[in-house]
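Here's the letter readout for the chains.
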2 protein chains.
Amino acid sequence: MRSRPFLLILLSHIILSTALVAQTQGSEPYDSLARQIVKEALGSNKAYEMLSDLCTNVGHRLSGSPAAAKAVQWAEKKMQELGFDNVHLEPVMVPHWVRGPFERAYVFDPSGKRENLAITALGGTIGTPKGGITAEVLEVKSFEELHKLGEKAKGKIVFFSRPMDRTLVNTFEAYGRAVDQRGAGAVEAAKVGGVAALVRSMTTRRDNVPHTGAMHYDDSVEKVPAAAVSIIGAERLSALLASGKPVRVHMEFSAQTLPDVESANVMGELRGTEKPEEVIVIGGHLDSWDKGQGANDDGAGCVQSIEALRLLKTLGLKPKRTIRAVMFMNEENGLRGGIAYAEKKRPGEKAVAAIESDMGSFQPVGFGIGDSAAYEKLLPWAPVFRFFNADHFQLGGGGADISPLAQQRVPLMDLIPEVQRYFDYHHSDNDTIEGVNERELALGAAALAIFSYIIAQEGL
Amino acid sequence: MRSRPFLLILLSHIILSTALVAQTQGSEPYDSLARQIVKEALGSNKAYEMLSDLCTNVGHRLSGSPAAAKAVQWAEKKMQELGFDNVHLEPVMVPHWVRGPFERAYVFDPSGKRENLAITALGGTIGTPKGGITAEVLEVKSFEELHKLGEKAKGKIVFFSRPMDRTLVNTFEAYGRAVDQRGAGAVEAAKVGGVAALVRSMTTRRDNVPHTGAMHYDDSVEKVPAAAVSIIGAERLSALLASGKPVRVHMEFSAQTLPDVESANVMGELRGTEKPEEVIVIGGHLDSWDKGQGANDDGAGCVQSIEALRLLKTLGLKPKRTIRAVMFMNEENGLRGGIAYAEKKRPGEKAVAAIESDMGSFQPVGFGIGDSAAYEKLLPWAPVFRFFNADHFQLGGGGADISPLAQQRVPLMDLIPEVQRYFDYHHSDNDTIEGVNERELALGAAALAIFSYIIAQEGL
């Protein structure tokens, strides 16, 4: 009897595999190509090797930093080594915000006892005055609540504590509904006389790691410093405030914005054999926040774009139209690379589609297609992606870096992976290579290769 | 310009969400129920709380161990507290294999230099003689190769080094094609005079953690001890052997099989309101290997089964047919619980379907249905699961614990999650709560609740 479980399990999985094969017939000529591409992606593991190299030898790479400059060289060299066509840089001036040497915070409970609070300055914030800010905390869940409280906010550190809604399946939607606190918290706090903004981290993971991200100022409103606090820190603050007694926080950091720096978008391509002037852009962003290693955001999208071209080249697949991998600079705090790419004149060239990968390294589930004609045209090919569970094509898609191309009516698309884990890592020290599964990353690269190749062959 | 990326990203995701809603219309009455169930699962996070409790307070729980007995009590108490109907144990005698107090191994390179080798005894193996076994190593990739070498294996430790095929999308298929080495390696080694079997771990992760699992003996062949070696250890061994010079390994462990122990399957149900005698079984296995915490294999399946009932009960959904959650005992090394469940006479009761969750806690992608009539009947409901990417229904499915029910022609089914990460954890110290994402686990529980409820209402 001992071997019976093996046989039964094995049998059921052979049936499964057969069923999978049966369900994906009928989309020739791309079915067999797709299987070759997936096999090469999983077998070679090149995407993971590249990402590991980028994470380990470059690390995080905020726009304007020496590491971002190193990342530009890294990407150019990688594509040159792989023998892509037309590998080059397109210069762009980028913001240069620096966190400074330290950041710290304490909370004083109503009895005056001091506890550490895990915070991190938000990207773009000014620093605190020398010696920091110490003030009473006012907790609010929304700007509406803050403005109702009005005068009560004066002289306070305004603590924005509305969590991402965990009941939503789409974590990006939950992010979208909470991130106003991070982006505009400092402005709204200052409007009512607050001295600083402290924002509950945008994450779905309950740990003590704060998550940074962009914030902005309004020139007509006084600038006050802004930071994110970890979930555990935010919950502790809320618990202390629940007593109704005054709770004070001290926070201190020396962030500042320096003059703009020259950086670059990095690109390489497989030149089309029949209509080289028609270009499909695939890409991610090369910059990251100055946290972790920028592995999922967005090292993954960069190496998947490079790997997609490598897969096609290695398998001898020559696209009819040009497929160009673009590593955009400065998605996180300015979008200067995306804007520069779209604004640059490219005489005789026609952009057919732009496809972004910037939702992490996770198992691909399909593609978002932000143009209904393109969606109708591409939907019949979805079954090609079924054998590795990436056949969910959706109307609606795009990405920050490629969004400026919308003005030229370029159909915008994106690789959509599973999204449950993304915000565990996003903009934090959690975002290291440890959060990347090599097989899932490879499947994403394969999906991007197959999808862009189909567009290159079929047109839109 | 600073806030422009936010707005664009946000906009694209609102479009995405709208598209998702649009695509899942038309499967009433279950669409809105499914959304309620998913919302409750994600919002309450109960599955993760239960799994965390099981992992932390019970830990790993091999059949016959005190921890397995504690797990039985844990599961019974949990279902009683939740107010399920007919919560009870069904006793079953299970094997009692114990690893013993230590296990260690060294490799001696051709110069005699000693290095540690990360090994673990395979489940069911005999121990080594006191003081261990030291012998030269013979590496083979298959039983065929071993038997061709014949005499050369005499007195050697046979090292089975064929890896799981990483190019296969389905990791369970890759497992199925490699696991003969683990199951039958000791028998095949002994047939040609080998003194022990050492098997490359069945895993997709390159680390130094060995993965255990079941092996078996053949009464007509001498019993020799068998162990698994980590991937890094296996690669080191292969590299040393590549020199062509003799490489010796020492291995030592005191594993043994003790007399059978009484244990139990644990079950509870939501009694059907209209046809209570018709039963849908949902379940996983309560036992685990004596490694890690048995989180993905198969604590996840157990808590998902309990949580599926809790979700229905909490939302006031009363199934027409009975849905029974069964925590099977002894899947890993005997299947005694699954066999006992199937063999037990249940007068007046009719099993409608049996659904297993034993492929980990990962994002659900759909269901395997091992019966073509049931598949045809259930396929039209697949779109209900689309909004959380769990709509891939496949013909072919089942699971080890429920497999003995095949003799009674019960349609067998299983919850299918993403499979890329499972073997990173499987049967090893990696299989802890750290490898579980709470949102993915919750979505799996929700999928199981919706699927079993539809069967309970519609029949098969």
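Details of the structure are given in the entry above.
Residues numbered from 1 in each chain as written. Chains lettered and ligands numbered in written order. Predicted model: local features only at pLDDT ≥ 70, side-chain atom pairs only at ≥ 80, totals over all residues. Heavy atoms only, no water.

Participant: Looking at this model, I keep getting lost on the overall build of chain A. Mind explaining?
Facilitator: Along the backbone of chain A there are 13 helices and 16 strands. Radius of gyration (C-alpha) of chain A: 24 Å, near the 23 Å computed for a compact globule of 460 residues. Overall size of chain A, expressed as C-alpha extent along the three principal axes, is 70 × 70 × 40 Å. Of the contacts formed within chain A by residues at least 6 apart in sequence, a portion of 82% connects residues at least 24 apart. Of the roughly 16,300 Å² of accessible surface on chain A, a fraction of 52% belongs to carbon and sulfur atoms. The distance from the centre of the 50 positive side-chain charges to the centre of the 57 negative ones in chain A is 3 Å. (Helix = DSSP H or I, 4+ residues; strand = E, 2+ residues; numbered from the N terminus. Rg over C-alpha atoms; globule rule 2.2 N^0.38 Å. Contact = heavy atoms within 4.5 Å. Areas by Shrake-Rupley, 256 points an atom, 1.4 Å probe, with all protein chains shown as cover. Lys, Arg positive; Asp, Glu negative; His and termini not counted. Charge placed at Lys NZ, Arg CZ, Asp CG, Glu CD.)

Participant: Mind showing me how you'd approach the pattern of salt bridges here?
Facilitator: If charged atoms from side chains of opposite charge come close, those side chains can pair. All names here are of chain A. All chains considered together, the criterion is met by 52 salt bridges over all chains. Across the salt bridge formed by Glu 90 and Arg 346, the nearest N and O atoms sit 2.8 Å from each other. Of this pair, Glu 90 sits in strand 1 (residues 85-98) while Arg 346 sits in the loop between helix 10 (336-343) and strand 13 (350-356); the two residues are 256 residues apart in sequence, bridging distant segments of the chain. There is no split in this pair, since Glu 90 and Arg 346 are both buried. If you follow the salt bridges from partner to partner, you end up with Arg 99, Glu 103, Asp 290 and Lys 291 in one network. (Salt bridge = Lys/Arg side-chain N within 4 Å of Asp/Glu carboxyl O. Buried < 20%, exposed > 50% of the residue type's maximum accessible area, 1.4 Å probe, protein only.)

Participant: Hey, could you run me through unusual backbone geometry in this one?
Facilitator: Outside of glycine, negative phi angles account for most residues, and trans bonds account for most peptide bonds. Residue Asp 298 of chain A is bonded to the preceding Asp 297 of chain A through a cis peptide linkage, with omega at 5°. Counting through the fold element by element, Asp 298 of chain A comes out in helix 9 (residues 295-314). Positioned with a positive phi, Asn 86 of chain A is a non-glycine residue whose angle comes to about 55°. Its place among the elements puts Asn 86 of chain A in strand 1. One non-glycine residue, Asn 389 of chain B, lies in positive phi territory at about 65°. Following the sequence through the fold, Asn 389 of chain B ends up in the loop between helix 11 (372-378) and strand 15 (392-395).

Participant: Is there a simple way to explain the pairing of strand 2 (residues 103-108) of chain A in this structure?
Facilitator: Along any regular strand, the residues point their side chains to alternate faces of the sheet. Residues and elements named next belong to chain A. As defined by bridge partners, strand 2 adjoins strand 9 (residues 248-253) across 6 bridges and the pair is classed as antiparallel. Looking at strand 9, one finds that Glu 103 is bridged to Phe 253. Bridge analysis of strand 2 against strand 3 (residues 114-116) gives 3 bridges, and the strand direction is antiparallel. Of the residues in strand 3, the one forming a bridge with Val 107 is Glu 115. Taken together, strand 2 and the strand that follows it, strand 3, pair antiparallel across an intervening segment of 5 residues, in which Gly 112 is found at a positive phi of about 95°. (Pairing = 2+ DSSP bridges.)

Participant: I tried to follow the sheet that holds strand 11 (residues 275-285) of chain B on my own but got confused; where do I start?
Facilitator: Strand pairing in a sheet is mediated by backbone hydrogen bonds. Such pairs are either parallel or antiparallel. Residue and element names in this part refer to chain B. Read from one edge to the other, the open sheet built from 8 strands follows the order 1-10-12-11-13-16-14-15, with strand pairing classed as mixed. Whereas interior strands pair on both sides, the edge strands pair on one side only; in this sheet they are strand 1 (85-98) and strand 15. Going across the sheet, the axis of each strand differs from the next one's by a mean of 20°, ignoring polarity. The pairing of strand 14 (residues 364-369) with strand 16 (residues 412-417) spans 5 bridges and is antiparallel. What sits directly across from Gly 366, in strand 16, is Ile 416. On the sheet, helix 10 (residues 336-343) packs against strand 1, strand 10 (256-270), strand 11 and strand 12 (321-328) and is oriented at approximately 135° with respect to strand 1. (Axes fitted to C-alpha atoms, helices over the stretch in contact; angles between N-to-C directions.)

Participant: Please clarify how the sheet that holds strand 12 (residues 321-328) of chain A should be interpreted in this entry.
Facilitator: Residue and element names in this part refer to chain A. Strand order in the open sheet made by the 8 strands is 1-10-12-11-13-16-14-15, with mixed pairing throughout. Every other strand in the sheet has two partners, leaving strand 1 and strand 15 (392-395) as the edge strands with one partner each. When the angles between neighbouring strand axes are averaged without regard to direction, this sheet yields 20°. Relative to strand 13, strand 11 (residues 275-285) is paired through 6 bridges, and the arrangement is parallel. If you follow Val 279 over to strand 13, its bridge partner there is Ala 351.

Participant: Would you mind showing me how to read the nonpolar core here?
Facilitator: Burial of nonpolar side chains together is a common tendency in soluble globular proteins. Judged by nonpolar contacts, the single largest core of 79 residues is most densely connected at Phe 385, Phe 388 and Phe 451 of chain B. Sort the elements by how many residues they give to this core and helix 13 (residues 438-458) of chain B lands first, with 13 residues. Filtering out sequence-adjacent residues up to four positions away, Phe 385 of chain B remains in contact with Phe 367, Ala 390, Asp 391, Phe 393, Ala 447, Ile 450, Phe 451 and Ile 454 of chain B. Ranked by size, the runner-up nonpolar core spans 78 residues in total, among them Ala 300, Ile 323, Ile 369 and Leu 441 of chain A. (Core = buried A, V, L, I, M, F, W, Y, C linked by side-chain atoms within 4.5 Å.)

Participant: Where do I start with the side chain of Ser 44 of chain A in this structure?
Facilitator: Examined against the element boundaries, Ser 44 of chain A turns out to sit in helix 2 (residues 30-44). What Ser 44 of chain A contacts, discounting residues up to four positions off in sequence, is Glu 49, Glu 307 and Arg 310 of chain A.

Participant: Could you clarify how one ought to interpret the packing of aromatic side chains in this entry?
Facilitator: Residue and element names in this part refer to chain A. For the structure on display, the rule yields 36 aromatic pairs over all chains. Between Phe 385 and Phe 451, the ring centres sit 6.3 Å apart and the planes meet at 65°, which makes this aromatic pair edge-to-face. Of this pair, Phe 385 sits in the loop between helix 11 (372-378) and strand 15 while Phe 451 sits in helix 13 (residues 438-458), placing them 66 residues apart in sequence. Look at Phe 385 and you get buried, because its relative accessible area is 0%. Judged by centre distance (5.6 Å) and plane angle (90°), the rings of Phe 393 and Phe 451 are edge-to-face. Residue Phe 393 is located in strand 15, and its partner Phe 451 is located in helix 13; the two are separated by 58 residues in the primary sequence. Exposure remark for Phe 393: the relative accessible area of 2% places this residue in the buried category. Judged by its relative accessible area of 2%, Phe 451 is buried. Through pairs of rings, three or more aromatic residues link up here, namely Phe 367, Phe 385, Phe 387, Phe 388, Phe 393 and Phe 451. One residue, Arg 35, lies across the ring of Phe 387, its end atom 4.2 Å from the ring centre. (Phe/Tyr/Trp six-rings, centres within 6.5 Å; stacked < 30°, edge-to-face > 60°. Lys NZ or Arg CZ within 6 Å of the ring centre and 35° of its normal.)

As far as function goes, none of this settles anything; it's purely spatial.
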